[in-house]
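Structural overview
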Amino acid sequence: MIRINITSVFVDDQAKALAFYTDVLGFVKKNDVPMGPHRWLTVVSPEQPDGVELLLEPSEHPAAAPFKEALVADGIPFTSFAVDDVRAEFARLTAAGVRFVQEPVDMGPVTVATLDDTCGNLIQIATMNG
Amino acid sequence: MDAVFKAIGDPTRRAVLDELVDRDGQTLFEICSRLTMKHGLTSSRQAISQHLAVLEEAGLVTTRREGRYKFHHLDTTPLRSILERWPIREQP
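What comes next is a walk through the structure.

Procedures and definitions
- Residues numbered from 1 in each chain as written.
- Chains lettered and ligands numbered in written order.
- Predicted model: local features only at pLDDT ≥ 70, side-chain atom pairs only at ≥ 80, totals over all residues.
- Heavy atoms only, no water.
- Salt bridge = Lys/Arg side-chain N within 4 Å of Asp/Glu carboxyl O.
- Helix = DSSP H or I, 4+ residues; strand = E, 2+ residues; numbered from the N terminus.
- Buried < 20%, exposed > 50% of the residue type's maximum accessible area, 1.4 Å probe, protein only.
- Contact = heavy atoms within 4.5 Å.
- Buried area = accessible area lost by both parts, 1.4 Å probe.
- Polar contact = N/O pair within 3.5 Å; in protein donor to acceptor, adjacent residues only side chain to side chain.
- Nonpolar A, V, L, I, M, F, W, Y, C, P; charged D, E, K, R; others polar.

With respect to the pattern of salt bridges
One pass over the structure, following the stated rule, counts 15 salt bridges over all chains. Notably, a salt bridge pairs Asp50(A) with Lys30(A), separated by 3.4 Å at the nearest N-O pair. Of the two residues, Asp50(A) is situated in the loop between β3 (38–44) and β4 (53–58) and Lys30(A) in strand β2 (residues 28–35); the sequence distance between them amounts to 20 residues. For Asp50(A), a relative accessible area of 72% puts it in the exposed group. The partly exposed category is assigned to Lys30(A), whose relative accessible area is 34%. We note a salt bridge from Glu66(B) to Arg99(A), for which the minimum N-O separation is 2.7 Å. Of this pair, Glu66(B) sits in strand β1 (residues 61–66) while Arg99(A) sits in the loop between α3 (86–95) and β6 (100–106), each in a different chain.

Section: the side chain of Gln26(B)
All names here are of chain B. Note on placement: Gln 26 falls in the loop between α2 (11–22) and α3 (28–39). Take Gln 26: its relative accessible area is 0%, and that puts it in the buried class. In contact with Gln 26, not counting residues within four places along its chain, are Glu 19, Leu 20, Ile 31, Arg 34, Lys 70, Phe 71 and His 72.

Considerations on the interface of chain A and chain B
How big an interface is tends to be stated in terms of accessible area lost as the parts join. On the chain B side, the residues contacting the 19 residues of chain A number 15 residues. Counting each side, the surface lost to burial between chain A and chain B is near 1600 Å², with a carbon and sulfur contribution of 58%. Seen at the junction of chain A and chain B, the total is three salt bridges. At the surface where chain A touches chain B, the tally comes to four residue pairs in polar contact (both at pLDDT 80 or more). Ranked by residues supplied to the side of chain A that touches chain B, first place goes to β6(A) with five residues. Class assignment for the residues of the side of chain A that touches chain B results in ten nonpolar, four polar and five charged.

So this is what it looks like as structure tokens:
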């Protein structure tokens, strides 16, 4: 059976990304393997240490920068993560200095907010309502 | 004034204005999400961009760039021209 093991996000700087995704967002480091100038660097949710890994992938390819910039300009999140309570996370992360381009909005079945991951991406956090 | 009437003569554009009243200063993505999730409007992002251009031409929407982000803001002052032309009379 096919399943999702790893998904990735392109980051400008792996060290900075690791700090943001762990210290600020709350993921924990899973794998950190030297790969030439870069690292095979993954994080997981502390709730699911054996769950899907998020690969912090260097956005080195020349196509990555214009792609990311175009998404950010239109406010489009690169990916979305689940949280228990978007509004509580918004308060916690805002207090930690995180920049949101979209405050929590109730969209019916889901409440979402969009933050800047400081590594060139917008990230959505989402809570299913009800 | 023609531009204002053209702008508000379309239900999608009126929905955009409604959502900007709800929260001012939205990205294109947030506007598109709200139209889809709250109004069942499934217009393409390009179509919404064009609607926003019409609203901007009428002065009802302004855009603000902040670093790498772009936000859309509501400006209702062009609507005043309608009331100036046809003032609301108090009923005796």
